[in-house]
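Structural overview
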Amino acid sequence: MEDTELTLSDEPMTGMLNSDSPESGDSSAMEGAGDGFHPNLPVLTHAADWSMEQVPPANFTTVIPGDSDHSLESLDLQQAQNQPLDPSELGSVEKAVEQFQIVSAQLFQEEQKTVAETQPPSEENGTESSENPQEEQRVAEDGMDLEDANKETSVEVEPPPLPTEPPVPTEFEKLFKGCQENPEDFNGWVYLLQYVEQENQLVAVRTSFDEFFLRYPYCYGYWKKYADIERKHGNTQVAEEVYRRGVQAIPLSVDLWLHYLSFIKENADPEDPETEGRIRAAYEHAVLAAGTDFRSDRLWEAYANWEVEQGKLANFTAIYDRVLGIPTQLYSQHLQRFKDHVQNNNPKHFLSEEEFIQLRVELSKANLPVPAEGEDEDEVVKVEPEELPPGTEDLPDPAKRVTEIENMRHRVTEIRQEVFNHNEHEVSKRWTFEEGIKRPYFHVKALEKTQLSNWKEYLDFEIENGTPERVVVLFERCLIACALYEEFWIKYAKYLESYSIEGVRHVYKKACTIHLPKKPVIHLLWAAFEEQQGNVEEARSILKSLESSVPSLAMVRLRRVSLERRHGNLEEAEALLREAMASGKNAKETSFYAVKLARQLLKVQRSLGKARKVLLEAIEKDQTSPKLYLNLLELEYSVDVQQNEAEILACFDRALSSPLPLESRLTFSQRKVEFLEDFCSDIDKLVAAYDEHQKLQKESESTKRKAENGSQEPDSKKQRVDDGSSSGQMDMHGQNSAYNYNWYQQPYNSWGSQNSWGQYNQYAQYNQYYPPPPT
């Protein structure tokens with residue numbers, strides 16, 4: 001495994017910035033964007049006060065206290081970092097999610113800045129200068145009126161007008177308007193950002209980049225571009241804030257962290273004694289956020305190199321104690337570099353005092369004679385243990401000193417080798433999946449099916465075999481590359497449901513408000529989740545917002561209706577359905593909602609008259625919809641059949657006299673005959689209905705014969721074509737409907753000459769004529 005290398009993708013990135021890493025080599029900028037994203041979960045009860053002076057703990061599973069303001073020295077970083085990371089002791093999903101949120105929250109707390117130097121002179125100061133006694137004396141000597149002097153003084157001290165920004169170019173307004181009208185056009189955003197960068201007008205730059213990041217926050221390259229532009233204009237504080245916003249949006253971006261850390265070091269005051277602590281704290285936040293990513297090696301190496309520059313070899317050891325237990329791409333190089341570090345330095349310099357003393361005592365005890373097998377302990381010559389010097393002082397004997405150093409080096413390497421061996425086994429299990437990731441960065445271009453399958457299999461493997469923290473990190477990495485695929489967001493939310501309610505809420509919110517604002521399924525799941533938590537108003541708001549952004553979706557309107565019905569707001573549910581009927585784009589859509597409204601009025605509100613009125617009014621507007629006649633028939637069947645015989649027959653007659661296609665009228669005619677056969681007490685009505693049915697049957701057969709001869713196309717074929725198109729249209733709007741209205745298209749056995757009055761084989765399928773009862 002040590003000599004194996006991953007094959008990285010050379011696929012070009014349209015519209016993405018390609019810049020070099022500040023720490024090592026040439027690195028694709030957008031590969032950094034693929035390093036992941038940790039959620040900024042809104043579960044804090046108060047804002048965390050964080051500054052670069054605050055030192056986060058070394059262990060990944062330790063949560064940083066929100067109210068901590070201790071300095072670097074008071075926390076004794078060396079002692080904290082000497083605790084190697086044990087993957088088997090990682091925290092639960094709750095802690096992993098909480099850690100990410102707190103890191104993000106702390107990162108964005110600004111220090112209190114003094115504003116006295118930047119405040120303009122107040123009006124009171126100007127008034128006091130005009131009322132100076134010396135000024136009054138000078139005015140009196142000149143013989144001028146005091147009032148006039150005050151007027152002249154007020155004119156003289158009037159500040160000059162502040163410079164204003166030049167007007168925004170017309171071309172910018174045109175490009176910006178196009179992006180607002182069509183925010184899904186990524187190329188339009190790319191042209192806009194290129195234009196404002198060339199024009200170098202700060203107002204246009206800020207407006208464009210801020211609006212762009214509301215929709216595409218995972219584009220690492222543009223965060224760096226934005227910060228560079230602010231820096232060129234001399235806005236160092238603003239540039240730092242841009243970097244902070246960027247690493248909050250994509251905390252797994254190793255490249256963005258490296259650029260941010262380089263920015264901090266370049267702008268730090270070397271004379272300030274607190275500078276080193278601030279930079280170390282920034283590195284700690286970086287490795288806490290992105291250090292468990294499989295491609296985070298450069299970040300760890302940059303951190304270790306910086307500690308060496310500061311002369312803190314013990315901190316270097318502590319860093320490699322942590323990274324040696326994390327599955328990363330360059331895991332074997334880390335071990336080799338650690339061995340070189342151990343061989344080239346004195347143990348008392350690269351070990352903490354505690355570990356050094358512990359090893360010295362351990363090695364001293366190991367040198368004591370041990371009784372051989374079968375030998376009594378009393379027979380062994382007792383040797384008093386050698387008195388060791390205090391602390392990390394050298395042994396007085398040079399020979400023993402050299403031996404101790406070599407033994408310590410061997411023991412230190414041996415301990416880390418055991419951690420490395422376990423980590424190598426973990427890397428080998430993930431290597432195939434990592435090798436299959438060809439595009440770890442975000443892009444609007446669709447991913448290949450093999451890439452999507454690889455992510456699914458990798459996630460399933462990690463959920464089954466990995467620690468909760470690694471599962472969360474892998475989901476965040478996946479959602480960089482697969483941000484536009486709702487199935488992965490849904491999978492992530494379902495995984496977190498058993499661990500963190502706020503985590504689930506954050507995932508849904510991030511997906512629905514930024515990356516998938518027009519995907520209905522994940523919005524419906526989010527609304528259902530909030531309703532389960534008792535947040536009915538939030539669920540109502542989610543559905544309403546989705547309907548405003550993607551209007552005319554029947555599945556959304558019906559979910560709003562069902563939500564109101566579940567919570568007893570029957571009037572609101574009825575109003576929503578009536579509104580949908582009134583705003584229907586065509587007769588078929590109106591008929592669809594009319595059926596839904598009639599069912600609610602009949603089954604829920606128990607109002608037969610109102611339900612009948614809705615269907616009759618809908619039939620007047622759409623006389624060619626078999627669904628309306630069938631639902632009206634179902635409604636009439638719901639009452640006592642014998643007492644409601646007149647209404648049922650009137651419904652049949654209304655369908656038979658309508659402009660429905662011949663095949664549909666033949667179906668209703670057959671059902672009328674069956675109804676009269678089962679329930680009618682007047683034989684004359686039955687015979688008359690049978691005669692009418694025979695006429696329709698002959699007309700249908702004649703039409704079929706003409707079609708066979710090629711003279712015309714049968715109505716049944718036309719109807720099937722029409723129903724296919726209309727059914728597709730209705731399914732698009734109501735694919736989640738609880739009722740299937742296509743059952744009336746099932747073939748019916750004819751009443752032709754092959755059947756006699758005594759052979760009603762149709763009655764074996766009589767139940768198919770009636771829709772199933774509502775569930």
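Re the overall build of the protein
Across its full length, the protein carries 35 helices and zero strands. Across the protein, the fraction of contacts at a sequence separation of at least 24, relative to all contacts at a separation of at least 6, is 67%. When the accessible surface of the protein is split by element, carbon and sulfur atoms take 48% of a total near 39100 Å².

Quick word on the pattern of salt bridges
Counted by the stated rule, this structure contains 45 salt bridges. Among the ionic pairs, E362 bridges to R411, the shortest N-O distance being 3.2 Å. Within this pair, whereas E362 is found in helix α19 (residues 353-366), its partner R411 is found in helix α20 (residues 398-435), the two being separated by 49 residues in sequence. Judged by relative accessible area, which is 23%, R411 ranks as partly exposed. A salt bridge links K429 to E426; its shortest N-O distance comes to 3.3 Å. One end of the pair is K429 and the other is E426, both in helix α20 and three residues apart, which spans about a single turn.

Brief notes about the nonpolar core
In terms of nonpolar packing, the biggest core is built from 124 residues, with F209, F212, L299, C482 and F488 touching the most fellow members. Looking at this core, the element that brings in the most residues is helix α22 (residues 468-481), giving nine residues. With residues up to four places along the chain from it excluded, the contact list for F488 reads L452, W455, K456, L459, F475, C478, L479 and C482. Within the second largest apolar cluster, 42 residues are counted, among which are Y593, L632, L635 and C651.

Focus on helix α31 (residues 626-637)
Taking 1.5 Å of rise per residue, 12 residues should cover 16 Å, and α31 covers 16 Å from first to last C-alpha, within 8% of that figure. Extensive coverage of α31 is indicated by the burial of 11 of its 12 residues. Residues of α31 that are buried: P626, L628, Y629, L630, N631, L632, L633, E634, L635, E636 and Y637.

Thoughts on the packing of aromatic side chains
Under the criterion given, the structure shown has 32 aromatic pairs. Measuring from ring centre to ring centre gives 5.0 Å for F209 and Y226, while their planes differ by 15°; the resulting arrangement is stacked. Of this pair, F209 sits in helix α10 (residues 202-215) while Y226 sits in helix α11 (residues 220-232), and the two are 17 residues apart along the sequence. Judged by relative accessible area, which is 3%, Y226 ranks as buried. An angle of 25° between the planes, with centres 5.6 Å apart, marks the rings of Y331 and F420 as stacked. Placement of Y331 in helix α17 (residues 331-343) and of F420 in helix α20 is noted, with a sequence separation of 89 residues between them. F420 matches Y331 in its accessibility class, with the two residues each being buried. Clustering of aromatic rings is evident, with ring pairs tying together F186, W189, F209, F212, F213, Y216, Y218, Y222, W223, Y226 and F442.

Notes on α17
Because an α-helix completes one turn every 3.6 residues, residues spaced three or four positions apart along the sequence face the same direction. The terminal C-alpha atoms of α17 lie 19 Å apart, and with 13 residues this matches the ideal 18 Å at 1.5 Å per residue to within 8%. Where α17 is buried, its residues meet α15 (297-309), α16 (313-323), α18 (347-350) and α20.

Considering unusual backbone geometry
Within the chain, N200 stands out as a residue other than glycine whose phi angle is a positive 60°. Position of N200 among the secondary structure elements: in the loop between α9 (186-199) and α10. Unlike most non-glycine residues, S552 shows phi in positive territory, near 70°. Tracing the chain through its elements places S552 in the loop between α26 (536-549) and α27 (554-566).

Section: the side chain of N345
Mapped onto the elements of the fold, N345 is located in the loop between α17 and α18. At a separation of 2.8 Å, a polar atom in the side chain of N345 contacts the main-chain carbonyl oxygen of H341.

Considering the packing of α27 against helix α29 (residues 587-604)
Interaxial distance between α27 and α29 falls to 12 Å at its minimum, and their mutual angle equals 15°. Considered as vectors, α27 and α29 are oriented roughly parallel to each other. In the crossing of α27 with α29, the sense of the turn from one axis to the other is right-handed. Across the interface between the two elements, A554, R557, L558, V561 and R565 of α27 pack against F592, Y593, K596, Q600 and V604 of α29. For the contact of α27 with α29, the class distribution of residues is six nonpolar, one polar and three charged.

Observations regarding the confidence of the model for the protein
Do not read the predicted coordinates in detail wherever pLDDT is low. Overall, the prediction assigns the protein a mean pLDDT of 75, with 66% of residues at 70 or greater. Between residues 101-157, whose pLDDT stays under 50, and residues either more than four places distant or in other chains, the model counts 56 contacts. In the predicted structure, residues 380-384 sits below a pLDDT of 50 and forms six contacts with residues beyond four places in sequence or in another chain.

What to know about the environment of A314
Within the fold, A314 resides in helix α16. Through-space distance from the C-alpha of A314 to that of H349 is 6.4 Å; in sequence the pair is 35 residues apart.

A short note on the packing of α10 against α11
The axes of two packed helices give the description: the angle between them and the distance between them. Packing of α10 against α11 leaves a shortest axis separation of 11 Å and a crossing angle of 160°. Taken together, the axes of α10 and α11 lie roughly antiparallel to each other. For the pair α10 and α11, the crossing hand works out as left-handed. For the pair α10 and α11, contact is made by L202, V205, R206, F209, D210, F212 and F213 and by Y222, W223, K225, Y226, I229 and E230, respectively.

So, the side chain of H259
Here H259 shows up in helix α13 (residues 254-267). We classify H259 as buried; its relative accessible area is 7%.

Some remarks on the environment of T207
Assignment of secondary structure puts T207 in helix α10. Once the C-alpha coordinates of T207 and V196 are considered, the two residues, 11 residues apart in sequence, prove to be 9.6 Å apart. Side-chain polar atoms of T207 contact the backbone oxygen of V203, separated by 2.8 Å.

Looking at the environment of N423
Here N423 is to be found in helix α20. For N423, a relative accessible area of 2% translates into the label buried. For the pair formed by N423 and T328, sequence separation is 95 residues and the distance between their alpha carbons is 9.0 Å. Those residues in contact with N423, other than ones at most four positions away along the chain, are L324, G325, I326, P327 and Y331.

Parameters and conventions
- Residues numbered from 1 in each chain as written.
- Predicted model: local features only at pLDDT ≥ 70, side-chain atom pairs only at ≥ 80, totals over all residues.
- Heavy atoms only, no water.
- Helix = DSSP H or I, 4+ residues; strand = E, 2+ residues; numbered from the N terminus.
- Contact = heavy atoms within 4.5 Å.
- Areas by Shrake-Rupley, 256 points an atom, 1.4 Å probe, with all protein chains shown as cover.
- Salt bridge = Lys/Arg side-chain N within 4 Å of Asp/Glu carboxyl O.
- Buried < 20%, exposed > 50% of the residue type's maximum accessible area, 1.4 Å probe, protein only.
- Core = buried A, V, L, I, M, F, W, Y, C linked by side-chain atoms within 4.5 Å.
- Expected span 1.5 Å × (residues − 1).
- Phe/Tyr/Trp six-rings, centres within 6.5 Å; stacked < 30°, edge-to-face > 60°.
- Polar contact = N/O pair within 3.5 Å; in protein donor to acceptor, adjacent residues only side chain to side chain.
- Axes fitted to C-alpha atoms, helices over the stretch in contact; angles between N-to-C directions.
- Parallel < 35°, antiparallel > 145°, perpendicular 65-115°, else oblique.
- Left-handed = near helix turned anticlockwise from the far one by under 90°.
- Nonpolar A, V, L, I, M, F, W, Y, C, P; charged D, E, K, R; others polar.
- pLDDT = per-residue confidence, 0-100.

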